[in-house]
Amino acid sequence: MKDNTNRNSFIKGATILGLAGIFIKILGAAFKLPLFNWIGAEGTSYYMAPYPIYNWLLVVSTAGIPTAIARLIAEKETEGDTHGIFGIINAIVKPIAIISVVIFAILFFGAEAISSWVGLPEAAIAFKTIAPALLFVPLMSVFRGFFQGVQKMQGFAITQIVEQLVRVIVGLALGYVLWFTMAAGPAKSAAGATFGASAGAVVGFAVSFAIYKYMKSKYYSDALKLPNKHKVESSWNIFKQVMVISIPITIGASIMPTMNSIDLMLVVRRLNDIGVENAKELYGILTGFAVTIVNFPQILTASLQISLVPAVTQMFVIYEKSKLEEDRKHLSDTVNAGIKTALIIGVPCAIGLVTLAEPVMLLLYSSQPESAIIGGSILAVLGWDLVFLAVYQATTGILQGIKKQMLPALNLGIGMVFKVILTYVLVGNPVFGINGAAISTVVAFAVASGLNVWSLAKLDYLDLNIVKLGIKPVISGLVMGAFVLIAYNPLSNILGGKLSTLVTIMIAAVIYGTLIIMTKTLSHEEYEMLPGGRKLRKLAEKLGR
């Protein structure tokens, strides 16, 4: 029963985070869509400019910390060492606080130099207004690591929602006042909007700490009153363990914002090299319009990755100790379930965005139709990234859970080499232009995800067959895509552009879901792992499944 419990935990945990992520993305859309429509492509470029550097600083300083904490706590949970769980938290808080102050100072006091270096000196004020978030997000990540490790994803989700809600309210209010009331211009309006991230970080940290104290009191107070029967580790030893796990993860995670930084540093300059006059605007469309849309569905697979780590870790620890065939199979089944779930999510999202790229852009950015059409051509390429990103995120969570955390970093590093070369070559070629940046991103994650799958396939104790796992989602997705291509134009003639886009998306989702059931993509056991799985299984049985 232990394996079923863990697998239920990771699927349901992913669902909780996924639903929270969808709500957060809706909030983000409610924030970015009006803001970007107000301040235009130029203002969007100023708003987006600090984020690659901001995210990079966060990643290189603390990205591996939550996963490291979650993995160590999952091991302590398996061993029944409650005192050890909170020893981990106590040991890591002070070092993270020191790191937070350092990275805040780098971004705040280096704002002018950094913004000039990337070619957008007007964005310096936006760099400064987002810098205070760096004081609180790393500390919040410690408590999120705790929630992840004990597989109480409700706490993780609540902190995400609160942080985003405050960010949206404050950022949108400041952006509106500065743009409409004070006529401050695109640079200052963008800076006001970025301050929302700092406000959200402060409130999010306070809420995460409060939930942590509540959970400690409610679930662990009795166990903490009992004598500690396990070995007490020093803070230094715990810190070393966290670093050993987190540094490879951090290296890998830093590559993603590094990729974004590559776009920031190369795209505008390479477009200028070939005489493109609206290079800043195109960069704003790429990062603010197209990338924003692609990031919406990937929150589901990111949630899957977060949930997989502790679940896989617990099963891996059990198998390492027992070496029993039953425990090996439980671990292997969970790995396969994770990858299959990623493909079930990633394939339809990719095909849907690619086939409806321009209509989706025009639906969301109707007040800027010219930018939306350009964004549609970018999205038609970038949308394919969702398949490879989904597989990469799931396999990364699995590799981290089985103590192979260095492999995803190495594999993504190889992908980044492709990204750098292709961005430089393709963006500087008039045939590709801004679409070259999208192509390079897709290729980078195709390489990284392929290498991750290959790394897992080499492990003797895993029964991995990516073709078997992916063939049914791919077939279902292609049929769905064919419907979209055939049905959209007739629906558009009848209903008009915006309404036909919404109707097509809804019908396509129903078609895909029906095909997943009819092709027997999910087993009866996998239905049971889903929230509301029994009802879904009964529906499948009624449809002849």
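Placed above this text is the structure.
Quantities reported herein were computed from a predicted structural model and do not represent experimental measurements.

Visitor: Please explain the packing of aromatic side chains as it appears in this structure.
Guide: We describe a pair of aromatic rings using the distance from one ring centre to the other and the angle between the two ring planes. This model, assessed by the stated rule, comprises 17 aromatic pairs. Pairing phenylalanine 143 with phenylalanine 209 gives two aromatic rings, centres 5.6 Å apart and planes at 65 degrees, and the pair type is edge-to-face. Of the two residues, phenylalanine 143 is situated in helix H7 (residues 137-149) and phenylalanine 209 in helix H9 (residues 186-225); the sequence distance between them amounts to 66 residues. On the basis of relative accessible area, phenylalanine 209 is assigned to the partly exposed category, the value being 39%.

Visitor: For this particular structure, what's the right way to read the packing of helix H3 (residues 64-79) against helix H11 (residues 279-322)?
Guide: Remark: H3 packs on H11, axes separated minimally by 9 Å, with the N-to-C direction vectors making an angle of 45 degrees. Compared by their axis directions, H3 and H11 come out oblique. Crossing of H3 over H11 shows right-handed handedness. Across the interface between the two elements, Thr67, Arg71, Ala74, Glu75, Glu77, Thr78 and Glu79 from H3 touch Val309, Pro310, Thr313, Gln314, Val317, Ile318 and Lys321 from H11. Taken together, the residues of the contact of H3 with H11 break down into five nonpolar, four polar and five charged.

Visitor: It is not clear to me how helix H18 (residues 466-495) should be interpreted in this structure. Could you clarify?
Guide: For an α-helix the count is 3.6 residues per turn, leaving residues at separations of three or four pointing the same way. Helix length check: H18, at 30 residues, gives a terminal C-alpha distance of 40 Å against a target of 44 Å (1.5 Å per residue), a fit within 8%. The largest bend in H18 comes to about 40 degrees, at alanine 487, with the proline proline 490 one to four residues further on. Along H18, the residues classified as buried are Leu469, Gly470, Pro473, Ser476, Gly477, Met480, Gly481, Val484, Ala487, Tyr488 and Leu491. Looking at the buried positions of H18, the neighbouring elements they touch are helix H12 (325-355), helix H13 (357-364) and helix H19 (497-518). Glycine 496 sits one or two residues past H18 and shows a positive phi near 90 degrees.

Visitor: So what exactly am I meant to see when it comes to the pattern of salt bridges here?
Guide: Proximity of charged atoms lets side chains of opposite charge pair with each other. Per the stated rule, a full pass over the model turns up 11 salt bridges. A salt bridge links glutamate 75 to lysine 403, with the shortest nitrogen-to-oxygen separation between them at 3.8 Å. Here glutamate 75, found in helix H3, pairs with lysine 403, found in the loop between helix H15 (385-401) and helix H16 (406-427); they are 328 residues apart in sequence, far enough to count as distant. When its relative accessible area of 15% is taken as the criterion, glutamate 75 is described as buried. The class for lysine 403 is partly exposed, based on a relative accessible area of 36%. A single network of salt bridges, built from pairs that share partners, joins Glu75, Glu320 and Lys403.

Visitor: Would you explain H16 in this entry?
Guide: Under the 1.5 Å per step criterion, the end-to-end length of H16 is 31 Å for 22 residues, consistent within 8% with the ideal 32 Å. Considered for burial, the residues of H16 that qualify are Pro408, Ala409, Asn411, Leu412, Gly413, Gly415, Lys419, Thr423, Leu426 and Val427.

Visitor: Could you clarify how one ought to interpret the side chain of threonine 287 in this entry?
Guide: Note on placement: threonine 287 falls in helix H11. The exposure class of threonine 287 is buried, given its relative accessible area of 10%.

Visitor: I tried to follow the environment of methionine 243 on my own but got confused; where do I start?
Guide: Here methionine 243 is to be found in helix H10 (residues 235-273). Overall, the relative accessible area of 21% leaves methionine 243 in the partly exposed class. Setting aside its immediate chain neighbours within four residues, methionine 243 contacts Ile65 and Pro248.

Definitions and limits used
In every chain, residue numbers begin from 1 and rise along the written sequence. A pLDDT threshold of at least 70 governs which residues receive local features in this predicted model, and a stricter bar of 80 or more applies before side-chain atom pairs are shown or counted, although totals over entire chains, interfaces and linings include all residues. Hydrogens and water molecules were not included; the side-chain quantities draw on all heavy atoms of the structure. Ring pairs are drawn from Phe, Tyr and Trp, using the six-membered ring of Trp, whenever the two centres fall within 6.5 Å, and their geometry is named by plane angle: stacked under 30 degrees, edge-to-face over 60, tilted for the rest. Numbering of helices and strands starts at the N terminus; helices are DSSP runs of H or I of at least 4 residues and strands are runs of E of at least 2. For every residue, the accessible area obtained with a 1.4 Å probe (protein chains only) is divided by the maximum for its type, and the residue is called buried under 20%, exposed over 50%, and partly exposed between those limits. Interaxial angle, 0 to 180 degrees, is taken between N-to-C directions of lines fitted to C-alpha atoms, where a helix line uses only the stretch in contact. Should an angle fall under 35 degrees it is taken as roughly parallel, and over 145 as roughly antiparallel, whereas 65 to 115 is taken as roughly perpendicular and any remaining angle as oblique. Two helices cross in a left-handed way if the nearer one is turned anticlockwise from the farther one by less than a right angle. They cross in a right-handed way if the turn is clockwise. Whether two residues are in contact is decided by their heavy atoms, any of which lying within 4.5 Å being enough. Three residue categories are used. Nonpolar comprises Ala, Val, Leu, Ile, Met, Phe, Trp, Tyr, Cys and Pro, charged comprises Asp, Glu, Lys and Arg, and polar comprises the others, including Gly. Helix span, expected: 1.5 Å multiplied by one less than the number of residues in the helix. Each residue is assigned a bend, namely the angle between axes fitted to the seven residues that terminate at it and the seven residues that start at it. Salt bridges are counted wherever a side-chain nitrogen of Lys or Arg sits within 4 Å of a carboxyl oxygen of Asp or Glu.

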